[in-house]
Amino acid sequence: MEIQTTQASPFAIQNIKLFIAFRVFFNARFYYPVFTILFLDFGLTIEQFALLNTVWAITIVCAEVPSGALADILGRKNLIVTTSLLMVLELSLLAFVPLGNGTLIFWAFLLNRVLSGLAEAMASGADEAIAYDTLVSKKLEKGWPKVLSLQMRVRSIASIATMTLGALAYDPKAVNAVLFWLGFDLILSQQTTMRFPIYFTLVLAILATITAFKMEEAKPEETTTKFKTGAAFKKTMCAGKWIWRTPFALVIILFGMYFDHILRMIVTMTSQYFRLINLPEASYGIIGSAIAILGLITPKVAEHMAENYSPKRNMFIVFAISGYGLIGLTGFYPYWGLIPVAFIFVGLTLVSFLTSYYLNQITASHQRATVLSFKGFTFNLAYGFIGFAFATMIATLKLQNSNTHPNWTTEQVADLAFIDGISYFPWYGLVVFIIIVSFSWWRLREMKITK
């Protein structure tokens, strides 16, 4: 992965280097491979885990668009710095909350989810906007696909390292084996080692904060630190009207939302899927790292697609990849079932790259962060909808299965409900795709007639 640092290269610009570093420090989290069991080992229940992540999603939806408007009004750097500080605070809560008091732990995790949601919302668009505007000021905006591509590949390398090390650091057997090999006479318990991935991620949060402070606004004279009442709302409404009146922007956001909410829902359930295709739990971290290797290749493919193919052609390519993944999942093939999972991850990466590429290309600087936040808002709103719908469907299927198979265990009933639920995804995806294609054809045709 060679970076050219000639004068004509976007990678010679300090803000671009900082943008890539910030994305890595903010998104590479050591606790991702043990995310669910981390909550449980702290003493929380599955029901509390579901509630806390619902709070996280609601927080993002509520804060997404206003945060983009604030970025355009107060300055992108200010929001990125705030994002980093929120990340430090959310991780500090989990790193230092005392064990034993269930109520205190629940409230600490609740506040963690709120702060994490706010940080995710504020990070959405602001860092990307400041990086793209820097390229525009240097007349190097054509280098944006290469910046996106490298940024995604570097993040993939970081993910491989953090997921592997995070899973090992969480396991007391692995940690104690390393300590014994190093000559230390220590035996650490699960209650001690389960915080190690959090400590490591806290270090990344501090590095993200340092990186954010070093960023510079491309046009600092156009921002102000004085917030006026109603300014954010006005900014948001103007961006919303612009999106509606710009059919291409609306279509890009709609298709991005369509692919993202389906594929991301599948990604969040991969651990359950792995268990049902007979993969040992110890392999999950290794599988995650292996899939992350795809992130070294996929961004270059996306870069080629963006620069050489039409948006329409790229949309159908992503649809074919995603469709194959969704259909392949329904077979629950032991071991071979990893192949459709890889297609799901590839599709998700392509969607992230292409939506960013097209939106930044057509959006004016003064509302770029707001428009990108609109994108994040719609993506998370759709994700929340499909999550609620899937949970409702699973509950219904579990009730039907328990009535049909009264002698089955609770686990067997739940497993069958999950398998049946996954089978609906290809059909849901096809119906929604036809609706969005029809609407997009009408809006784009309307634009041509108007012209």
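Just so it is clear, the structure is predicted and the values come from calculations on it, not from any experiment. (Residues numbered from 1 in each chain as written. Predicted model: local features only at pLDDT ≥ 70, side-chain atom pairs only at ≥ 80, totals over all residues. Heavy atoms only, no water.)

**Looking at the packing of helix α1 (residues 14–27) against helix α6 (residues 144–170)**
Viewed as axis vectors pointing N to C, α1 and α6 meet at an angle of 35°, and their least axial separation amounts to 9 Å. Along this stretch, α1 crosses α6, giving a crossing that reads as right-handed. Here α1 contributes I16, F19, I20, R23, V24 and N27 to the contact with α6, which in turn contributes W144, V147, L150, Q151, V154, R155 and A158. Partitioned by chemical class, the residues of the contact of α1 with α6 number 9 nonpolar, 2 polar and 2 charged. (Axes fitted to C-alpha atoms, helices over the stretch in contact; angles between N-to-C directions. Helix = DSSP H or I, 4+ residues; strand = E, 2+ residues; numbered from the N terminus. Left-handed = near helix turned anticlockwise from the far one by under 90°. Contact = heavy atoms within 4.5 Å. Nonpolar A, V, L, I, M, F, W, Y, C, P; charged D, E, K, R; others polar.)

**As for the pattern of salt bridges**
Going through the model one piece at a time under the given rule, you end up with 6 salt bridges. Between D127 and R23 there is a salt bridge whose closest N-O contact spans 2.5 Å. Placement of the pair is D127 in helix α5 (residues 102–137) and R23 in helix α1, with a sequence separation of 104 residues. Of the two residues examined, D127 and R23, each falls in the buried class. When the shortest N-O distance is used, the salt bridge between K146 and E303 registers 3.2 Å. With K146 in helix α6 and E303 in helix α14 (residues 298–308), this pair connects stretches of sequence that are 157 residues apart. Within this structure, R23, D127 and E128 form a network of salt bridges that share partners. (Salt bridge = Lys/Arg side-chain N within 4 Å of Asp/Glu carboxyl O. Buried < 20%, exposed > 50% of the residue type's maximum accessible area, 1.4 Å probe, protein only.)

**Let's talk about the packing of helix α11 (residues 247–268) against helix α15 (residues 311–329)**
Geometry of a packed helix pair, given as the angle between the helix axes and the separation of the axes. Relative orientation of the contacting elements α11 and α15 amounts to 15°, with a least axis distance of 11 Å. Between α11 and α15, the angle is such that the two are roughly parallel. In this structure, α11 meets α15 at a crossing whose hand is left-handed. Of the residues in α15, those touching α11 at F248, F255, Y258, F259, I262, L263 and I266 are P311, M315, V318, F319, S322, L326 and L329. (Parallel < 35°, antiparallel > 145°, perpendicular 65-115°, else oblique.)

**What to know about the environment of A126**
Counting through the fold element by element, A126 comes out in helix α5. Take A126: its relative accessible area is 1%, and that puts it in the buried class. Residues A126 and S373 lie 247 residues apart in sequence; the distance between their C-alpha atoms is 8.3 Å.

**Topic: the confidence of the model for the chain**
Mean pLDDT over the chain stands at 82; residues scoring 70 or higher make up 87%. The low-confidence segment residues 220–229 (pLDDT under 50) makes 12 contacts with residues lying over four places distant or belonging to another chain. (pLDDT = per-residue confidence, 0-100.)

**A short note on the environment of L188**
Counting through the fold element by element, L188 comes out in the loop between α7 (172–181) and α8 (190–193). For L188, a relative accessible area of 21% gives the class partly exposed. Residues L188 and K173, 15 residues apart in the sequence, show an inter-C-alpha distance of 8.5 Å. The contact partners of L188, leaving out residues within four places of it in the chain, are P172, V175, N176, L179, T193 and F196.

**Remarks on unusual backbone geometry**
Despite not being glycine, K139 shows a phi value in the positive range, around 60°. By relative accessible area, K139 is classed as exposed at 73%. Despite not being glycine, Y335 has its phi angle at roughly 65°, a positive value. Mapped onto the fold, Y335 is located in the loop between α15 and α16 (338–362).

**Some details on the side chain of R264**
Mapped onto the elements, R264 comes out in helix α11. Take R264: its relative accessible area is 18%, and that puts it in the buried class. If we ignore the near neighbours within four places in the chain, the residues touching R264 are L348, F379, N380 and Y383.

**Describing the packing of aromatic side chains**
Under the definition given, this model contains 23 aromatic pairs. With a centroid separation of 6.1 Å and 65° between ring planes, the pair formed by F255 and F433 is classed as edge-to-face. Within this pair, whereas F255 is found in helix α11, its partner F433 is found in helix α19 (residues 425–450), the two being separated by 178 residues in sequence. According to the relative accessible area criterion, F255 is buried, its value standing at 9%. A residue is classified by how much of its surface remains accessible, and F433, at 6% relative accessible area, is buried. Every member of this aromatic cluster is reached through a ring pair, and the members are F255, Y258, F259, F316, F319 and F433. (Phe/Tyr/Trp six-rings, centres within 6.5 Å; stacked < 30°, edge-to-face > 60°.)

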